[in-house]
Amino acid sequence: MCPGVHLAERNQWRIVSKLIWAFEIKEPIDPTTGKTISLDPEDYSNGLLHAPKPFKVIFKPRSQAHIDVIKREYEESMRDLAPFE
Ligand code: HEM
């Protein structure tokens, strides 16, 4: 059994929460027709790692205030992590 399961699950929870907080995630628009391209929720690859096949989506920041927070946090993280490079 994986001893990192709690760390892994908590991090995945945080990653998904932050993505949903920051972005509207929408189906892509066809550039020629201007219509939404529907995603197939059952389009998975088979095999040992059962995973969705590559697909396109639109990540749209929820507001300028969200963009400002993302940039500020990014800059702070890079500054904090710099000593470990
Ligand atoms: C999404 C993240 C992760 C996934 C999907 C994952 C998955 C797995 C799987 C499938 C195994 C084999 C379990 C078995 O043989 O019964 C495993 C083992 C292991 N994992 Fe993870 N793991 C993740 C994150 C982590 C993290 C964050 C750590 C450490 C901080 C970690 C440390 C280990 C170790 C040391 C083993 C070997 C355990 C042993 O053989 O006794 N894993 N993991």
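An account of the accompanying structure is given in this report.

Parameters and conventions
Residues numbered from 1 in each chain as written. Predicted model: local features only at pLDDT ≥ 70, side-chain atom pairs only at ≥ 80, totals over all residues. Heavy atoms only, no water. Near = heavy atom within 4 Å. Polar contact = N/O pair within 3.5 Å; in protein donor to acceptor, adjacent residues only side chain to side chain. Phe/Tyr/Trp six-rings, centres within 6.5 Å; stacked < 30°, edge-to-face > 60°. Helix = DSSP H or I, 4+ residues; strand = E, 2+ residues; numbered from the N terminus. Buried < 20%, exposed > 50% of the residue type's maximum accessible area, 1.4 Å probe, protein only. Donors = N, O, S within 2.8 Å, 3.2 Å for Na, K, Ca; no water. Salt bridge = Lys/Arg side-chain N within 4 Å of Asp/Glu carboxyl O.

Let us look at the site of the ligand. Around the ligand, the neighbouring residues are Met1, Cys2, Pro3, Gly4, Leu7, Ala8 and Gln12. Here an oxygen atom of the ligand sits 3.1 Å away from a polar atom, N or O, in the main chain of Met1.

Time to look at the packing of aromatic side chains. Going through the model one piece at a time under the given rule, you end up with 1 aromatic pair. Ring geometry for Phe23 against Phe59: centres 5.5 Å apart, planes inclined by 80°, an arrangement best described as edge-to-face. On the criterion of sequence distance, the pair formed by Phe23 in strand S1 (residues 23-26) and Phe59 in strand S4 (residues 58-61) is long-range, its members being 36 residues apart. Assessed through its relative accessible area of 42%, Phe59 is described here as partly exposed.

For the iron atom of the ligand, the protein contributes exactly one donor atom, Cys2 (SG), at 2.3 Å. Take Cys2: it is sitting in the segment before helix H1 (5-22).

In this section: the pattern of salt bridges. Enumeration over the complete set of coordinates arrives at 4 salt bridges. Between Glu24 and Lys60 there is a salt bridge, with the nearest N and O atoms lying 3.8 Å from each other. Residue Glu24 is located in strand S1, and its partner Lys60 is located in strand S4; the two are separated by 36 residues in the primary sequence. Given the relative accessible area of 27%, Glu24 is considered partly exposed. What makes Lys60 partly exposed here is its relative accessible area of 38%. Of the charged contacts in the structure, one is a salt bridge between Asp43 and Lys53, with a shortest N-O distance of 3.5 Å. With Asp43 in the loop between S1 and strand S2 (44-45) and Lys53 in the loop between strand S3 (51-52) and S4, this pair connects stretches of sequence that are 10 residues apart. Residue Asp43 is classed as partly exposed on the basis of its relative accessible area, which comes to 33%. On the basis of relative accessible area, Lys53 is assigned to the partly exposed category, the value being 39%. The structure contains a network of salt bridges with shared partners spanning Glu24, Lys26 and Lys60.

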